[in-house]
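# Close look at the chain arrangement
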Amino acid sequence: MTDNEDQIAGLLLAAGGGRRLGGRPKALLDHRGRPLVEHAVSVLRAAGCTRVHVVLGAAADAVRQKADLAGCVLVDNPEWAGGMGSSLRAGLESLSGTGARAALVSLVDQPGIGAEAFARVRAAYTDETALVSAAYDGVRGHPVLFGSAHWAGIAATATGDQGARAYLKEHAAQVALVECGDVARPYDIDTVADLHHLE
């Protein structure tokens, strides 16, 4: 194991309540015979993340019961209903003091983005000042990698459903884009119409 493997932690944001899915928590949607949150963890592990923190919110107890999240650090976000920003803050806070020098951030509702795209973004890590984003035909998307030097700044600007968008926009010149359009499809599972993407 190289030093880098331990220094880059996977951070999975899986707290959403699926408001536009009729209140079905996204973490528990069925994909390939198991909860979507399990699938997302396996993708991070396949991309080389040995440490994975999972932020839970909606139906957190049910997620704990139904999903096999052994070996993950589970982080409760009581403010999950306020949007993804609070989950990102909770996740980054849970990583401080762990020795991680970067967070590879995954959203639970993007099963079309597999291990290859995550591994590409991860491979672009240089040091704790790194800011890396997947790109699709040159347009920034997910996953993203945040070096620990940026965590406080991201947490300070992560509000509502914005996540790190404002911070990345402000620091656009520093963001390394990694093209992933040839290996991933960056759709979200947001509405009932999107459920056909699940297998």
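Our subject in this report is the structure included herewith. (Residues numbered from 1 in each chain as written. Predicted model: local features only at pLDDT ≥ 70, side-chain atom pairs only at ≥ 80, totals over all residues. Heavy atoms only, no water.)

## Concerning helix H5 (residues 115–123)
Quick note on the threshold: The buried label goes to any residue with under 20% of its type's maximum accessible area, the exposed label to any with over 50%, and the partly exposed label to all in between, with areas taken from a 1.4 Å probe on protein chains only. A helix here means a DSSP run of H or I that spans at least four residues, while a strand means a run of E at least two residues long, and both kinds are numbered starting from the N terminus. By construction, the arc corresponds to the directions joining the helix axis to the C-beta atoms.
Among all positions in H5, only Ala 117, Phe 118, Val 121 and Arg 122 are buried. Each buried residue of H5 lies within a common arc of 135° when the element is viewed along its axis, so the set occupies one face.

## Here we look at the environment of Ala 119
Assignment of secondary structure puts Ala 119 in helix H5. The exposure class of Ala 119 is partly exposed, given its relative accessible area of 31%. Linking Ala 119 and Ala 47, residues 72 residues apart in sequence, is a C-alpha distance of 4.7 Å.

## Structural notes on the nonpolar core
What counts, and what does not: In this description, a nonpolar core means a group of buried Ala, Val, Leu, Ile, Met, Phe, Trp, Tyr and Cys residues linked to one another through side-chain atoms lying within 4.5 Å. Contacts: residue pairs with any heavy atoms within 4.5 Å of one another.
One finds Leu 12, Ala 14, Val 37, Val 54, Leu 104, Val 121 and Leu 145 to be the most contacted residues of the largest nonpolar core, which totals 42 residues. When contributions to this core are tallied by element, the ones reaching two or more residues are strand E1 (8–14), helix H2 (36–46), strand E4 (52–56), helix H3 (60–66), strand E6 (102–107), H5 and strand E7 (131–136). Here this core takes 6 residues from H2, the largest share from any one element. Not counting chain neighbours up to four residues away, the residues in contact with Leu 104 comprise Ile 8, Ala 9, Gly 10, Leu 11, Leu 44, Cys 49, Phe 118, Val 121, Arg 122, Pro 143, Val 144 and Leu 145. Of all hydrophobic cores here, the second largest spans 24 residues; its members include Leu 92, Leu 95, Ala 103 and Val 175.

Purely geometric numbers; function is a separate question.
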